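Inside the fold
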Amino acid sequence: MKLNKAIIPLAIFHGMALADHVEPHKLDAIAVTASRDARPTQEISQGISVIDQETIDNWNVLNVQEALQHMPGLVTKSTSGGYSSRLAIRGAGIKAPYGVRAISVLRDGVPVTDPDGFARMDFIDPQDMAQVEVVKGPGSIYSYGSSGGTIQILSRSVFDTGSDRVRVGGGSYNGNTQNIRYSGNMTEDDFYALTWSRQDSPNTWREGNNYDRNNASFKYGHLFEDDSKFEMEIAYTNSHLDLPQKYLRAEYDIFAAGGDARWDLDTDGAYPYRHRARDSNVVFFNSSYEKQFGAITIKPRAYMNYWDHWHPTSGPGLVTKQIVLGGDFQLDWDHTLFDREAKMIVGAVGRNDRGRNEKYNYADKEIFCKPYGYKPGCQDKLNYTLSEKPGTLQGKGDEDNFNFGGYIQYSFEPIEKLKTDLSFRYDRIHLNVHNEEINQFDYSAKLFTKAGRGTTDIDPEYDIFSSRFGVSYAVMDSLNVYGNFAYGDQTPGASEVKANILAGRSTNLNPSSTYMYETGLKFREDIGTLDVSLYYADVENEILAGTDGNDLTYYINAGASTKWGIEVASQAYVGNMLPIIGETMPFLKSHMDALSLGVNYTWQDHVISEWIHTDDDAGTTTDYSGNTFGKIPRHMYSLFATYNHPSGFNASLRSRVQSKYHKNNENAAGKSSNKSIYGGLNFITDATVSYVYGPHTLQGNMNNIFDKRYAADAGLSNFGKSYEKEEFNLAAPRTWMVTYQYNF
């Protein structure tokens, strides 16, 4: 009895496919991230996108970016073929040179975003994901200090004992994956689940981009006699990711024309850092308890995350060790107001991040030498690295960061069919950073040749607020219209403050503030689904990046920005839309019922409304007000066709289009030979074909089936300098993988 009580809501919530064949069309998903309360997305009064486990498996998703890349309002850029992705939600987060910033990321309710807004994705196991939810814009009571939005990755529940499997795959460029999940009961009330995954992606189509990871987890759950429950997980991840070079214009043109992306870099001095990488070891612990006392339900959570990291970069190599301890206590009160259901959610959060970092030079390197000409001989200048082995210590530091806060949300219906949400969250964030620079890195010589600045201590404190007022009105059972106002602060990153120290700039960065206004509609019916969102955002104290004459990045509060956008997500169930065809031609009915077609569309106009840039090195001031944000396409489309037949034959086709975009916020190139605009993406198409027979599934995936040669990201470095250059992160050519899965 207890098992049934646990599994039924979880199966609905995760949308799992537990049988040989699932119903071809799902009208709505259940999401928790927007409100900390499970609701159909039709009733949520803000933009939200959800991808379920069936789709994750069908697309053979091997990193989080692949799960998000078709969602309207999201710009995703995978520059390395692994977990390292750049994400932007409604434009927020795109300024980050790497990683995920200005977006809160959670795994099963645990924030994996640092207090300064940087999210770590290296310990996410894509093959254990049950659902991914994306809430767009500020105001979530799950999120703090991240104005762009919230991404929550939900793993498979320990109480779901029906999704055990063995899954193996192999494909192009020596890529292969393995996954096994085994679960069961130790007693009637005690449940367990063991998961192990491995991915090996040598990515041999280009130089220096091997990626491999191992994930292992143990989950335990207990159901008590009073229907309360306890869940716990401990997981370990080991990952290695070689970071590929950004290619210059000449090499990119060769690749774009269909040429080889591999060449002998040893003879090309334009690529000095040939052993950049990110190697991580992560231990993750998460525990939660849920207990109901009449109309009151308590949900305490405690978690721990240990992370160590070796990261040779374009410059120094970084060793980082960090431990995170945190907790979250949530209380739900179900009651009635105006004779209708109402709920209050209140809670408190606390978290401490302690870390130590060390900075090294490269031990093995080739020094620049000239055998003849002007000033022949060897110079104290790096030509290229020979290995990622760390050399001598050049700097070190410590961080001890704290976050304490609380949240409250009240949901009620003042009149029938009008669901209303009022929420508020406050966080006190204290960044305590100690940095000791022994030697300073000279980006011109590409070596540590200057005496360091010594010891620096920074301890800024921020009061961070977020709030939301949303209403959703059920015009009819299948149609809701909604309105939403949301506010959120974004903390400056500790890395941004440290970058300003190294560049000799002010460390007095203020949090940026986002005010977002949104309206839209959500339609769910047998013939299909439709989501339409229109938003406008005002951002104050926008934080933008610049580069000085020594190639050092720094950050400033530029002024303000405005962001307009329209997002559309639609899906049509062909058999239900055109029933007359099935009635007049019965032999086509099962095929029509199996087919669905979809279109997602994004239009966005993100403008820097105030930005006066002062170049201290050149002694000039430039007004960039009115410029469009770099890296953000004006138009984005995704087209889908999905076929799930009762016979067990399934297929899907997905295609992406993006319009051109500016490579930088300056919207210009300083050198006439360079181009400031990248041409975008033109029907990057992926396909899946699978056959299900009893517990067996054989699946084939092909990505970029037309072998388009394009850049995952394009940019301009050192804008306006004599050494300004175009840089391109290559996207993968055509790849394929065949996967076999056995369910038991």
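Residues numbered from 1 in each chain as written. Predicted model: local features only at pLDDT ≥ 70, side-chain atom pairs only at ≥ 80, totals over all residues. Heavy atoms only, no water.

1. Focus on the overall build of the protein
Scanning the protein from N- to C-terminus turns up eight helices and 43 strands. Over its C-alpha trace the protein gives a radius of gyration of 26 Å, about what one expects of a compact globule, namely 27 Å for 744 residues. The principal-axis extent of the C-alpha atoms belonging to the protein is close to 85 × 55 × 55 Å. A burial count over the protein gives 57% of its 744 residues as buried. If you take every contact in the protein between residues at least 6 apart in sequence, the share linking residues at least 24 apart comes to 67%. Just so you have it, the protein exposes about 29400 Å², and 57% of that area is on carbon and sulfur atoms. Here the protein holds 71 positive side-chain charges and 92 negative ones, and the gap between their average locations is 5 Å. (Helix = DSSP H or I, 4+ residues; strand = E, 2+ residues; numbered from the N terminus. Rg over C-alpha atoms; globule rule 2.2 N^0.38 Å. Buried < 20%, exposed > 50% of the residue type's maximum accessible area, 1.4 Å probe, protein only. Contact = heavy atoms within 4.5 Å. Areas by Shrake-Rupley, 256 points an atom, 1.4 Å probe, with all protein chains shown as cover. Lys, Arg positive; Asp, Glu negative; His and termini not counted. Charge placed at Lys NZ, Arg CZ, Asp CG, Glu CD.)

2. Re the confidence of the model for the protein
Averaged over the protein, the pLDDT score is 87; the fraction of residues at 70 or greater is 91%. Across residues 1-23, confidence stays below pLDDT 50; counting only partners more than four residues off in sequence or on other chains, it has 50 contacts. (pLDDT = per-residue confidence, 0-100.)

3. Describing the pattern of salt bridges
A complete count under the given rule lists 39 salt bridges for this structure. Here Glu461 and Arg428 are joined by a salt bridge, their closest N and O atoms 2.6 Å apart. With Glu461 in strand 27 (residues 461-476) and Arg428 in strand 24 (residues 418-430), this pair connects stretches of sequence that are 33 residues apart. Assessed through its relative accessible area of 43%, Glu461 is described here as partly exposed. By relative accessible area, Arg428 is classed as partly exposed at 31%. For Glu727, the salt bridge is made with Lys725, and the minimal N-O distance between the two is 4.0 Å. Taking the relative accessible area as the measure of exposure, Glu727 reaches 17% and is therefore buried. (Salt bridge = Lys/Arg side-chain N within 4 Å of Asp/Glu carboxyl O.)

4. Considering the packing of aromatic side chains
One pass over the structure, following the stated rule, counts 22 aromatic pairs. On the numbers, 5.4 Å between centres and 40° between planes, the contact of Tyr410 with Phe412 is tilted. Of the two residues, Tyr410 and Phe412, both sit in the buried class. Aromatic side chains Tyr661 and Tyr678 sit 5.6 Å apart centroid to centroid with 50° between the ring planes, which places their arrangement in the tilted category. Placement of Tyr661 in strand 37 (residues 661-662) and of Tyr678 in strand 38 (residues 677-678) is noted, with a sequence separation of 17 residues between them. Each member of the pair, Tyr661 as well as Tyr678, carries the same accessibility label: buried. Ring pairing ties together the aromatic residues Tyr182, Tyr192, Tyr742 and Phe744, which thus form one cluster. Above the face of the Tyr384 ring, Arg274 is positioned so that its terminal group lies 4.1 Å from the ring centre. Sitting over the face of the ring of Tyr482, Lys522 holds its NZ or CZ atom 5.2 Å from the ring centroid. (Phe/Tyr/Trp six-rings, centres within 6.5 Å; stacked < 30°, edge-to-face > 60°. Lys NZ or Arg CZ within 6 Å of the ring centre and 35° of its normal.)

5. Side note on helix 5 (residues 494-502)
Looking at helix 5, one finds that the buried residues are Ala494, Glu496, Val497, Ala499, Asn500 and Ile501. One or two positions beyond helix 5, positive phi appears at Gly504, with a value near 70°.

6. As for the sheet that holds strand 7 (residues 104-107)
Strand order across the open sheet formed by five strands is 3-10-11-7-8, with mixed pairing between neighbours. Here the strands that pair on one side only, and so sit at the sheet edges, are strand 3 (48-52) and strand 8 (110-111). Where strand 10 (residues 129-136) and strand 11 (residues 149-155) come together, seven bridges link them in antiparallel fashion. Looking at strand 11, one finds that Lys136 is bridged to Gly149. (Pairing = 2+ DSSP bridges.)

7. A closer look at the pairing of strand 11
Counting buried positions along strand 11 gives seven out of seven residues, so the element sits mostly inside the fold. Relative to strand 11, strand 7 runs parallel, the two being bridged by four bridges. For Leu106, the partnering residue across the bridge sits in strand 11 and is Gln152.

8. With respect to empty space enclosed by the protein
This model, assessed by the stated rule, comprises ten cavities of 30 Å³ or more. The volume enclosed by the largest cavity comes to roughly 870 Å³. Asn63, Glu66, Asn703, Ala732 and Thr735 are, among the 44 residues lining the largest cavity, the residues nearest its centre. Among the elements that make up the lining of the largest cavity, the one with the highest residue count is strand 4 (residues 74-78) (four residues). Among the residues making up the lining of the largest cavity, the classes are represented as 19 nonpolar, 19 polar and six charged. (1 Å grid on protein atoms, 1.4 Å probe; cavity = no way out; pocket = protein on both sides within 12 Å on 5 of 7 lines; lining within 4 Å. Points joined across faces, edges and corners; volume = space filled by probe spheres on them. Nonpolar A, V, L, I, M, F, W, Y, C, P; charged D, E, K, R; others polar.)

9. Regarding the pairing of strand 43 (residues 735-743)
The pairing of strand 12 (residues 165-171) with strand 43 spans seven bridges and is classified as antiparallel. Following the sheet pairing, Arg167 is matched in strand 43 by Gln741.

10. Overview of the nonpolar core
Counting 36 residues, the largest nonpolar core has Leu68, Met129, Val132, Ile151 and Ile153 as the members making the most contacts within it. Looking at this core, the elements with two or more residues in it are helix 3 (64-68), strand 5 (85-89), strand 10, strand 11, strand 16 (229-242), strand 17 (277-293) and strand 18 (296-312). Discounting residues that sit within four places of it in the chain, Ile151 has contacts with Leu68, Leu87, Ile89, Ile103, Ser104, Val105, Leu106, Val132, Glu133 and Val134. In terms of nonpolar packing, the next biggest core, distinct from the first, is built from 18 residues, Trp205, Phe255, Tyr678 and Ala731 among them. (Core = buried A, V, L, I, M, F, W, Y, C linked by side-chain atoms within 4.5 Å.)

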